[in-house]
Amino acid sequence: DGLSTTEIVEENPSFCLQTQKIDQLRDNLKSEPFRSQFRELEEWDDLVGFSMRYYGDRKGNTFVGLKSDGTVIISGFNKENSYDVSDWTDIVQVEAGLEFILGRTKDGNVRITGINEFNVFAAGKWTDIVDISSYSRAHLCYGLHEDGTVVTAGVDQNNDRVKVYQWENVVSLHDNFAICEDGKVYSTTFSEKNLAGWTDVISIIYPDSYQKESVPVGLRKDGTLAFLESGESLLPRAHTWKNLLVP
């Protein structure tokens, strides 16, 4: 209806953790070439998981679907036709990374396909993994071990290796963030000082880098939101929101 993302969220606070999807959907609908992609997606069925990577107006999106039988289907942008998931089976989680696709198997192994920039394919050797994620702004992915420790493959946006050896008691991964059992948050982009006020967090959303005003938002278990200082000015009313639920 012509509303900005901020206006949509202010009118519907339940959408506060869906801003990335709102922005991407708006951009896609403006471009006729992408409409054929959505028509193809309408034919997908029996999905139990889904992931998407946005590459801008020229390239479009990569869509990854996880079917109930543990197989994976893809559509959209395929860098150098390098994405091949035809032999993937027993997959329980998928993640569309920057020029690569990850799949976690039910026995804790990881499959990866795409472009092996900065040795990101090292993720294919991981075992005992219970969660995966990828950093939206770099050739970098994360894997969570059963013991609460985290491993990485690839580099950050500065082409540097990231250090996560001090992370412990992690229970879930979200982009470049890790949520601990006590609600504390780690990040390879933001310092502990930046995240000092992020307590009792249960979920995080971080929009892609093509939006200059992208800021992470954390959902606390009491239904309130956690922001960085840069996010307070973007959603000034959000600090009054209460009783929000994980979408």
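Above this text is the structure in question.
Note that this is a predicted model, so its numbers are computed, not measured.

In terms of regular secondary structure, the protein chain is built from 4 helices and 15 strands. Here the contacts in the protein chain between residues at least 6 apart in sequence split such that 36% fall between residues at least 24 apart.

Pairing analysis gives 5 bridges linking strand E8 (residues 140-145) to strand E9 (residues 150-154), with the strands arranged antiparallel. Of the residues in E9, the one forming a bridge with Gly-143 is Val-151. Counted between consecutive antiparallel strands, the loop separating E8 from E9 contains 4 residues, among which Gly-148 sits at a positive phi close to 90 degrees.

To continue, consider the nonpolar core. Judged by nonpolar contacts, the single largest core of 25 residues is most densely connected at Val-150, Trp-167, Val-170, Val-185 and Trp-198. Elements that contribute at least two residues to this core include exactly E8, strand E10 (170-174), strand E11 (177-180), strand E12 (185-187) and strand E13 (201-205). Sequence-distant contacts of Val-150, that is, excluding residues within four places in its chain, are made with Tyr-142, Gly-143, Leu-144, Val-164, Trp-167, Val-170 and Leu-173. Formed by 13 residues, the second largest nonpolar core is a distinct cluster that contains Tyr-55, Val-64, Leu-66 and Trp-88.

Taken in spatial order, the 3 strands of this open sheet run E13-E14-E15, and their pairing is antiparallel. Only two strands of the sheet have a single neighbouring strand rather than two, namely E13 and strand E15 (225-227). This sheet shows a mean twist of 30 degrees between the axes of neighbouring strands, independent of strand direction. Where strand E14 (residues 217-220) lies against E15, 3 bridges are found, and the strand directions are antiparallel. The residue bridging Val-217 from the neighbouring strand is Phe-227, located in E15.

Where two aromatic rings form a pair, the distance of their centres and the angle of their planes describe that pair. Under the criterion given, the structure shown has 8 aromatic pairs. Where Phe-177 meets Trp-198, the ring centres are 6.2 Å apart and the plane angle is 5 degrees; that geometry is what we call stacked. Pair noted here: Phe-177 is in strand E11 and Trp-198 is in the loop between E12 and E13, with a separation of 21 residues, a long-range link. When its relative accessible area of 1% is taken as the criterion, Phe-177 is described as buried. When the ring of Phe-177 is compared with that of Tyr-206, the centres are 5.7 Å apart and the planes differ by 80 degrees; the resulting orientation is edge-to-face. Note that Phe-177 is positioned in strand E11 and Tyr-206 in the loop between E13 and E14, a separation of 29 residues in sequence. Both residues of the pair, Phe-177 and Tyr-206, count as buried. Chaining the aromatic ring pairs together yields one cluster made of Phe-177, Phe-190, Trp-198 and Tyr-206.

Definitions and limits used
Per-chain numbering applies: the sequence of each chain, read as written, is numbered from 1 onward. Only residues with pLDDT of at least 70 get local features here, since the model is predicted, and only at 80 or more are side-chain atom pairs given and counted; chain-wide, interface and lining totals rely on the full set of residues. In computing side-chain values, all of the structure's heavy atoms are included and hydrogens and water are not. Where helices and strands are cited, they refer to DSSP runs of H or I of at least four residues and of E of at least two residues respectively, numbered from the N terminus. Whether two residues touch is decided by their heavy atoms; if any such pair falls within 4.5 Å, the residues are in contact. Each pair of strands is called paired provided DSSP finds at least two bridges between the two strands. Residues grouped as a nonpolar core are buried Ala, Val, Leu, Ile, Met, Phe, Trp, Tyr and Cys residues, joined through side-chain atoms within 4.5 Å. Three labels apply to residues, based on accessible area from a 1.4 Å probe with only protein chains included: buried if under 20% of the type maximum, exposed if over 50%, partly exposed otherwise in between. To get an axis, a line is fitted to the C-alpha atoms, and for a helix only the part in contact is used. The angle between two axes follows their N-to-C directions and goes from 0 to 180 degrees. The rule is short: rings of Phe, Tyr and Trp, with Trp giving its six-membered ring, pair when the centres are within 6.5 Å, and they are stacked under 30 degrees, edge-to-face over 60, tilted in between.

All we've got here are geometric facts, nothing functional implied.
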